[in-house]
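Chain by chain, the residues:
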Amino acid sequence: MLTKSFQSSRKDIVLAENISFFYVRGHRLLDGISFSLAEGDILTILGPNGSGKSTLLDCVCGISPLKGGRVSVCGESVSSLSPVELARRVGYVPQLHAPAFDFPVRDYVVMGRAPYLGLLEAPGRREYEMTDAALESMGIAHLARKLCSEISGGERQQVQIARALVQEPKVILLDEPTSHLDYGNQIKVLKLVADLSDRGVTVILTTHVPDHPILLDGKVGVLDGKGGMRTGSVSEIIDERSLRDMYSVDLRLIYIEEMQRTACVIGKLSGAQGFAEKMLEV
Amino acid sequence: MLKKIFESDAVLFAALATATFALFVAGMAVGRFRVPVGETARILASGAVALERTWTPQMENVVLKIRLPRLFGALLVGGSLALSGAAYQAVFKNPLVSPDLLGVSSGACVGASAAILMHWGALAIQLSALFMGLIAVVVTTAIPRFFRNDTTPMLVLSGVIVTGFMTSLQGLLKYSADPLDELPSIVYWAMGSLGAIKASDIRVMGPAITLVMIALVSIRWRLNLMSLGDSEARSLGVDIKKMRGFVVFCATLLTAGAVCMSGTIGWIGLVVPHFGRLLAGHDNKRAIPASILLGASFTIIVDAFARNLTGSEIPLSILTGMIGTPLFIWLLFMQKTTI
């Protein structure tokens, strides 16, 4: 059920009410999850492998039909929207993967205009102008003519986000946008996510790094692996205990004065082993 | 380098259309019965404008009754196979599938052979080929889903399985065919030939195939979306089930149509789309029309060899295999394809 703290006076862009999903009957991957997000909110979803992070995103964008509950975007239930209507509201950035065909960046990004084009239409001058503007605004105009296979993983992730931007959705979902990226590119992508939020886009992303929600400083959802998700602000949800429970490693949340932020730090590897032994004893 | 030259649509399609047209005229002129190119052109033009008869009636007969339908057949068969290959590749997001690999060709071949054995009419042969082709593609795509394994090797393996089954069905049909009368015709026809195409075939199949081609060509940009994979395509507003069903149905219609006209001709559906993408890039807006024109040109060339290399006609599949396989290796090398 929707708890009091999620009900805000602002208009909800995404409202998930008591949603549940399973692949195999009897084993609920998601069970009774609720949250609400307003314009420009960022929800970062943490959870161990196999806890249903990607599935939750699939449920929000209608790829996986819900087995219970309701997701609405801008007040309309996702299940009642046609694919085109949904695509105009929700953009989706998949995990980095090598596509089967090698499109030039510009032709890849322009596909974001698909929900606004008729069945027999192909993108024209207007669509390409919007594409160029989006690439320009993200500072990657120089990639426009390159093939997707010719650019780095970090650049490809930027290109995927550019496609979602061109789609002009209210909500953008990013499935582990930082995986397979080096440290610098991970931070670059997080900055992009913050930038999306400044543009008024509501963002939901999944990640494996507890520092990411702290850096983004929005809402956090922690999947417990049993189908539930605790949602709230970073300070409400992220504490040492919950992180240790989730990842079964020794870690500390330490406020770093110089950086003016809390950081999640892992203990020494030998210490971590000792911690694991302690866990076993208990 | 090729890509640089053909970057503009105008240059690319002007070049390809001119090449196809030139090959068409040249294909009309070559053959054991010599008709000079000039005379061929005059005979063709005489249909539209009044010209002085400088040619013999035999020449006219050969050009209009034999070669013209045959060349039109080459255009239609080559274009259909290349287009259906390109469409399958986009929809199954896999540059390694083709009407042959998916088992559609062999399925359609079984359907058509069975209809021939039953001495059914032309329309029934066409429908039977389409039906078996559809069954083949449905089974081929169902097997990976059954094993919940959505990888390229699984789809290719599944195609091998279905093709294997269809080949043995074809063997059964051959075994039960009359060895004097039906067997040679089925065997020869199954190896691919444009020799039996008559003007009446073109009048029936031409418009039908053209219509299906137009349907696929007009949604070609959407094939780009499909080629990204199901969840991405869906997130861009594509109704996947409808779209995939429509594209697969149209591509199977084209393959079955081609099989009915000329028997099974291998490799065109696989190799030509690769060649098309090498010239035009991977955007289907360009790659699809380019593949159709290349498929038509390639088939005209191969058919010209089939008619003229030796005293008797060589089945087309033999030649497309001999030309297509080394060409495919070269194309894989050029595209640095990773599989």
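Predicted, not measured: the structure shown is a model, and the values here were computed from it. (Residues numbered from 1 in each chain as written. Chains lettered and ligands numbered in written order. Predicted model: local features only at pLDDT ≥ 70, side-chain atom pairs only at ≥ 80, totals over all residues.)

Trainee: Give me the overall build of chain A: which residues, what numbers.
Mentor: In terms of helices and strands, chain A carries 10 helices and 12 strands. Scaling as 2.2 N^0.38, a compact globule of 282 residues should have a C-alpha radius of gyration of about 19 Å, and chain A matches this with 20 Å. With respect to the three principal axes, the spread of C-alpha positions in chain A is 65 × 40 × 40 Å. Counting over 282 residues, chain A shows a buried share of 40%. (Helix = DSSP H or I, 4+ residues; strand = E, 2+ residues; numbered from the N terminus. Rg over C-alpha atoms; globule rule 2.2 N^0.38 Å. Buried ≥ 20, exposed ≤ 12 C-beta atoms within 10 Å, placed from the backbone.)

Trainee: So what's going on with the interface of chain B and chain A? Which residues, and what values?
Mentor: Frequently, the measure chosen for interface size is the accessible area removed from exposure when the parts meet. Contacts between the two partners involve 22 residues from chain B and, on the opposite side, 22 residues from chain A. Only helix H10 (220–226) and helix H11 (230–235) of chain B provide two or more residues apiece to the side of chain B that touches chain A. Looking at the side of chain B that touches chain A, the element that brings in the most residues is H11(B), giving four residues. Split into classes, the residues belonging to the side of chain B that touches chain A amount to seven nonpolar, nine polar and six charged. (Contact = placed C-beta atoms within 7 Å. Nonpolar A, V, L, I, M, F, W, Y, C, P; charged D, E, K, R; others polar.)

Trainee: Lay out the sheet that holds strand S2 (residues 30–38) of chain A with the relevant residues and their values.
Mentor: Residue and element names in this part refer to chain A. Strand order in this open sheet of four strands is S2-S1-S4-S5, and the pairing throughout is antiparallel. With partners counted over all chains shown, the strands left at the sheet margins are S2 and strand S5 (76–77), one partner each. Of the pairings in the sheet, the one linking strand S1 (residues 12–21) to strand S4 (residues 68–73) comprises five bridges and is antiparallel in character. In the strand pairing of S4, Ala-16 is matched with Val-71. (Pairing = 2+ DSSP bridges.)

Trainee: Got a sec to walk through the packing of helix H6 (residues 122–146) of chain B against helix H7 (residues 152–176) of chain B? Specific residues and values, please.
Mentor: All names here are of chain B. Here H6 crosses H7 at 140°, and the two axes come no closer than 8 Å. It follows from the interaxial angle that H6 and H7 lie oblique. The crossing of H6 and H7 is right-handed. On H7, the residues that touch Ala-136, Val-139, Thr-140, Ile-143 and Pro-144 of H6 are Met-154, Leu-155, Ser-158, Gly-159, Ile-161, Val-162 and Met-166. Here the residues of the contact of H6 with H7 sort into nine nonpolar, three polar and no charged. (Axes fitted to C-alpha atoms, helices over the stretch in contact; angles between N-to-C directions. Parallel < 35°, antiparallel > 145°, perpendicular 65-115°, else oblique. Left-handed = near helix turned anticlockwise from the far one by under 90°.)

Trainee: Which residues make up the sheet that holds strand S3 (residues 42–46) of chain A, and what are the values?
Mentor: Whether parallel or antiparallel, the strands of a sheet pair through hydrogen bonds between backbone atoms. All names here are of chain A. Taken together, the six strands give an open sheet; going across it, the order is S6-S7-S8-S3-S9-S10, and neighbouring strands pair in mixed fashion. What marks the edges here is a single partner per strand, and that holds for strand S6 (90–93) and strand S10 (229–233). Across the sheet, the mean angle from the axis of one strand to that of its neighbour is 15°, orientation sign disregarded. Note that strand S9 (residues 219–223) and S10 share five bridges and pair antiparallel. Looking across to S10, one finds that Leu-223 is bridged to Met-229. Contacting S3, S6, strand S7 (171–174), strand S8 (202–206) and S9, helix H1 (residues 53–60) crosses the sheet at an angle of about 150° to S8. The sheet contacts of helix H6 (residues 183–198) involve S3, S7 and S8, and relative to S8 the element is tilted by about 155°.

Trainee: Please give an account of the pairing of S6(A) that cites residues and values.
Mentor: Residue and element names in this part refer to chain A. Neither face of S6 is exposed, since Val-90 and Tyr-92 on one face and Gly-91 and Val-93 on the opposite face are all buried. Of the pairings in the sheet, the one linking S6 to S7 comprises four bridges and is parallel in character. Within S7, the residue paired with Val-90 across the bridge is Val-171.

Trainee: Account for the confidence of the model for chain B, naming residues and giving values.
Mentor: Confidence in the prediction for chain B averages 90 pLDDT; 98% of positions are at 70 or higher. The complex prediction reports pTM at 0.90, with the ipTM value standing at 0.88. (pLDDT = per-residue confidence, 0-100.)

Trainee: I'd like a description of the nonpolar core, backed by residues and values.
Mentor: Counting 165 residues, the largest nonpolar core has Val60(A), Leu173(A) and Ala87(B) as its most contacted members. The contacts of Val60(A), once residues within four sequence positions are left out, are Val14(A), Ala16(A), Val71(A), Val90(A), Leu173(A) and Ile204(A). (Core = buried A, V, L, I, M, F, W, Y, C linked by C-beta atoms within 7 Å.)

Trainee: Outline helix H13 (residues 268–280) of chain B, supporting the account with residue identities and numerical values.
Mentor: All names here are of chain B. If you check H13, its first and last C-alpha atoms are 17 Å apart, about what 13 residues at 1.5 Å a residue would give, namely 18 Å. Most of H13 is tucked away, with 11 of its 13 residues classed as buried. Considered for burial, the residues of H13 that qualify are Ile-268, Gly-269, Leu-270, Val-271, Val-272, Pro-273, His-274, Phe-275, Gly-276, Arg-277 and Ala-280. Where H13 is buried, its residues touch helix H2 (9–29), helix H4 (57–91), helix H14 (284–308) and helix H15 (316–335). Following H13 by one or two positions, Gly-281 has its phi on the positive side, about 90°. (Expected span 1.5 Å × (residues − 1).)

Trainee: Any details on H4(B)? Residues and values, ideally.
Mentor: All names here are of chain B. The end-to-end C-alpha distance of H4 is 49 Å, a good match for the 51 Å that 35 residues give at a rise of 1.5 Å each. The largest bend in H4 is about 40°, located at Arg-67, with the proline Pro-69 one to four residues further on. Taking burial as the measure, the 35 residues of H4 include 27 buried ones, the bulk of the element. With its phi angle positive at about 40°, Lys-93 sits one or two positions after the end of H4. (Bend = angle between axes of the 7 residues up to and from the residue.)

Trainee: How would you summarise the domain arrangement of chain A if you had to cite specific residues and measurements?
Mentor: All names here are of chain A. Along its sequence, chain A is organised into domain 1 (4–247) and domain 2 (248–282). Computed over C-alpha atoms, the centres of domain 1 and domain 2 are 29 Å apart. Tallying the contact residues gives eight residues for domain 1 and nine residues for domain 2. At the level of elements, helix H7 (211–216) and helix H9 (240–247) are the ones that each hand at least two residues to the side of domain 1 that touches domain 2. (Domains from an automatic or database assignment.)

Trainee: Residue-level account of the confidence of the model for chain A, with values.
Mentor: Here chain A averages 89 in pLDDT, while 92% of its residues score no lower than 70. The low-confidence segment residues 1–9 of chain A, where pLDDT is below 50, has 10 contacts with residues more than four positions distant or belonging to other chains.

Trainee: Would you mind going over the packing of H14(B) against H15(B) in detail, with residue names and values included?
Mentor: Residues and elements named next belong to chain B. It is at 9 Å that the axes of H14 and H15 come closest, and there the two elements cross at 120°. Between H14 and H15, the crossing angle belongs to the class labelled oblique. Handedness of the H14/H15 crossing: right-handed. Only Leu-316, Leu-319, Thr-320 and Ile-323 of H15 make contact with H14, whose side of the interface consists of Val-302, Asp-303, Phe-305 and Ala-306. Residue composition of the contact of H14 with H15, grouped by class: six nonpolar, one polar and one charged.

Trainee: Describe the environment of Ser176(B), naming the residues involved and giving the relevant values.
Mentor: All names here are of chain B. Take Ser-176: it is sitting in helix H7. Assessed through the 10 C-beta atoms surrounding it within 10 Å, Ser-176 is described here as exposed. Spatially, the C-alpha atom of Ser-176 lies 27 Å from that of Leu-253, the residues being 77 residues apart in sequence.

Trainee: Could you give me a rundown of the environment of Asn185(A), with the residues and numbers involved?
Mentor: Residues and elements named next belong to chain A. With respect to the helices and strands, Asn-185 occurs in helix H6. When the 19 C-beta atoms within 10 Å are taken as the criterion, Asn-185 is described as partly exposed. Taking the C-alpha atoms as reference, Asn-185 lies 8.4 Å from Glu-155; in sequence the two are 30 residues apart. Those residues in contact with Asn-185 that lie beyond four places of it in its chain are Gly-153 and Gly-154.

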